[in-house]
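So you can see what is in the structure, the chains are spelled out below.
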Amino acid sequence: QSVLTQPPSASGTPGQRVTISCSGSSSNIGSNDVYWYQQLPGTAPKLLIYRNNQWPSGVPDRFSGSKSGTSASLAISGLRSEDEADYYCAAWDESLSGPLFGGGTKLTVL
Amino acid sequence: EVQLVESGGGLVQPGGSLRLSCAASGFTFSSYAMSWVRQAPGKGLEWVSTIRASGISSYYADSVKGRFTIFGDNSKHTVYLQMKSLRAEDTAVYYCAKTVVVGQRYYFDDWGQGTLVTVSS
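My aim in this report is to walk through the structure given alongside it, one point at a time. This is a predicted model, so every value here is computed, not measured. Within each chain, residue numbers correspond to sequence positions counted from 1 in written order. Here every chain gets a letter starting at A, and every ligand a number starting at 1, in the order they are written. Only residues with pLDDT of at least 70 are given local features in this predicted model, and only at 80 or more are side-chain atom pairs given and counted; all residues enter the totals for whole chains, interfaces and linings. Heavy atoms from the whole structure form the basis of all side-chain values; hydrogens and water molecules are not counted.

## Some words on the overall build of chain A
- For the purposes of this entry, the term helix denotes a DSSP run of H or I that reaches at least four residues, the term strand denotes a run of E that reaches at least two, and both are numbered from the N terminus. Along chain A, the regular secondary structure elements total zero helices and nine strands.
- Taken from the N to the C terminus, the helices and strands of chain A come in the order β-β-β-β-β-β-β-β-β.
- Relative to the 2.2 N^0.38 estimate, which gives 13 Å for 110 residues, the radius of gyration of chain A is 13 Å and therefore close to what a compact globule would have.
- Projected onto its principal axes, the C-alpha coordinates of chain A cover approximately 40 × 25 × 25 Å.
- Burial here depends on accessible area, computed with a 1.4 Å probe over protein chains only, as a share of the maximum for the residue type. Under 20% is buried, over 50% is exposed, and the range in between is partly exposed. By residue count, 47% of the 110 residues in chain A fall in the buried class.
- Intrachain contacts of chain A at a sequence separation of at least 6 include 57% that bridge at least 24 residues.
- In this charge count, Lys and Arg are treated as positive and Asp and Glu as negative; neither His nor the chain ends contribute. For charged residues, the charge sits on one atom: NZ in Lys, CZ in Arg, CG in Asp, CD in Glu. Positive and negative side-chain charges in chain A, numbering 7 and 8 respectively, have mean positions lying 5 Å apart. Note on method: radius of gyration uses C-alpha positions; expected globular size equals 2.2 Å times residues raised to 0.38. Note on contacts: a residue pair is in contact if any heavy atoms of the two residues lie within 4.5 Å.

## Some remarks on the sheet that holds strand E7 (residues 68-73) of chain B
All names here are of chain B.
- Strand order in the open sheet formed by four strands is E1-E3-E8-E7, with antiparallel pairing between adjacent strands. Of all the strands in the sheet, just strand E1 (3-7) and E7 have a single pairing partner and so form its edges. Averaged over all pairs of adjacent strands, the angle between their axes in this sheet comes to 15 degrees, without regard to strand direction.
- Should DSSP find at least two bridges between two strands, the strands are regarded as paired. Note that strand E3 (residues 18-25) and strand E8 (residues 78-83) share six bridges and pair antiparallel. Bridge assignment links Arg-19 to a residue of E8, and that residue is Gln-82. Fitted lines through C-alpha atoms give the axes, limited to the stretch in contact for helices. The angle between two N-to-C directions lies from 0 to 180 degrees.

## A short note on the interface of chain B and chain A
- Between chain B and chain A, the contact holds 18 residues from the first and 18 residues from the second.
- For the chain B and chain A pair, buried surface summed over both sides reaches about 1,500 Å², with 65% attributable to carbon and sulfur atoms.
- Put simply, a salt bridge is a Lys or Arg side-chain nitrogen that is within 4 Å of an Asp or Glu carboxyl oxygen. Where chain B touches chain A, the interface holds one salt bridge.
- Residue Glu94(A) is joined to Arg105(B) by a salt bridge in which the shortest nitrogen-to-oxygen separation is 2.4 Å. Here the quantity called buried area is the accessible surface, traced with a 1.4 Å probe, that two parts lose on coming together, added over both.

## Digging into the sheet that holds strand E5 (residues 63-68) of chain A
All names here are of chain A.
- Read from one edge of the open sheet, three strands run E2-E6-E5, paired in antiparallel fashion. Each edge of the open sheet is held by one strand with a lone partner, namely strand E2 (18-23) and E5. Averaged over all adjacent pairs, the angle separating strand axes in this sheet is 20 degrees, with direction ignored.
- Across six bridges, the pairing between E5 and strand E6 (residues 71-76) is antiparallel. Its bridge partner lying in E6, Gly-65 is registered against Leu-74.

## Here we look at the layout of surface pockets
- Space inside and on the surface of the protein is sampled on a 1 Å grid over the protein atoms alone, with a cavity defined as a set of points where a 1.4 Å probe fits but cannot get out and a pocket as an open set with protein on both sides within 12 Å along at least 5 of 7 lines; lining residues have an atom within 4 Å of a point. Grid points are joined across faces, edges and corners, and a volume is the space filled by probe spheres set on the points. Of the voids in this model, the largest pocket is the one considered here, and its volume is about 390 Å³.
- Taken together, 18 residues make up the lining of the largest pocket; nearest its centre are Lys46(A), Val2(B), Asp109(B), Asp110(B) and Trp111(B).
- Residue assignment for the lining of the largest pocket shows that the elements contributing at least two residues are strand E4 (46-49) of chain A together with E1 and strand E10 (105-111) of chain B.
- With four residues, the single largest contributor to the lining of the largest pocket is E10(B).
- Per-class residue counts for the lining of the largest pocket are eleven nonpolar, three polar and four charged.
- Computed from the structure, the second largest pocket encloses a volume of approximately 200 Å³.
- Along its surface, the second largest pocket is lined by Leu96(A), Pro99(A), Leu100(A), Phe101(A), Leu45(B), Glu46(B), Trp47(B), Ala61(B), Asp62(B) and Ser63(B).
- If you list the elements that add at least two residues to the lining of the second largest pocket, you get strand E8 (98-101) of chain A together with strand E5 (45-51) of chain B. Only Asp, Glu, Lys and Arg are considered charged, only Ala, Val, Leu, Ile, Met, Phe, Trp, Tyr, Cys and Pro nonpolar, and every remaining residue, Gly among them, polar.

## Thoughts on the environment of His77(B)
All names here are of chain B.
- Within the fold, His-77 resides in the loop between E7 and E8.
- Among the residues examined, His-77 registers a relative accessible area of 36% and is labelled partly exposed.
- Separated by 54 residues in sequence, His-77 and Ala-23 have C-alpha atoms that sit 6.0 Å apart.
- Setting aside residues up to four positions removed in sequence, His-77 forms contacts with Cys-22, Ala-23, Ala-24 and Phe-29.

## Re the packing of aromatic side chains
- Aromatic pairing here means that ring centres of Phe, Tyr or Trp (its six-membered ring) are within 6.5 Å. Orientation follows from the plane angle: under 30 degrees is stacked, over 60 is edge-to-face, and everything else is tilted. By the definition in use, this model includes 13 aromatic pairs over all chains.
- Considering the side-chain rings of Tyr50(A) and Tyr107(B), the 5.9 Å spacing of their centres and the 10 degrees angle between planes classify their relative orientation as stacked. Of the two residues, Tyr50(A) sits in the loop between E4 and E5 while Tyr107(B) sits in strand E10, which places them in two different chains.
- Any Lys NZ or Arg CZ that is within 6 Å of a ring centre and within 35 degrees of that ring's normal is treated as a charge sitting over the ring. Across from the ring centre of Tyr80(B), 5.9 Å away, lies the NZ or CZ of Arg19(B), which sits over that ring.
- The ring of Tyr32(B) carries the charged tip of Lys98(B) above its face, separated from the ring centre by 4.1 Å.

Below, the structure is given as C-alpha cells:
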C-alpha cells in the first residue's frame, strides 16, 4: 500500500525548533526525492522544500529538509507564529506511477 | 510573477459533468507541464492529473481515470479539467499547479487559489 505517514499534529513555542516526520517505503521515499508543502490557513499550498533539501526562492533557511532511507523530516528553527500551518510531505510513488502526499501535519505555535 | 487562476467550480448533481479552467500567466506556459491537485473538505492533498508540456501525454490518478480528462490550450495559456460521472467523493477544492518535470517524475512549484467543486443532490 502506498502511504506516506505524518503525525497529525505538532506544536512548539516561539523560537523553538520543531521537526515533522514523514515515513514511507521503498516505492516512494526510498527511491525518490521528497518535497514539502506549507498550507497556511485558508490558502493554497506552497512549495517549501524540493528535492529533499533545496529551498525555492523566497523560502527562509529556517526551514530545512532531510531524508534517510524511507523516511524524511522537515525541521523548522526559530519558530514564529506565522509558521502555524499544515505541512505536507510528498514523493513520487512507483506503485501509483504518480505523486503521493502525506496526510499532513498541523503545526500549532503555542 | 506566476499567476494561476482557476474557475468553473460549483454545485453539480451526482453523475453530472463540470469543466474547470486554469488561466496561467507570468511564465512560458508552453514550456511547463500542468497539473490538478484536489483537497476534500478538511482532508489532505490528492494528485488528480498532469499533462506534459507537449500536450501529448497525460496522466491520471486511478480514482479519476476514465472520468476526467486534462487538456490545454497554449494559445489561451489555459489548462482544463473536464470531469464527468461525478461522485460525492469528488467534492473538493481543485487546485491548478505549475509542474516541474524531473526525469519521469514531477512536482508542483506554483499553485492557484483553488476552485470548489461540490457534488450533491
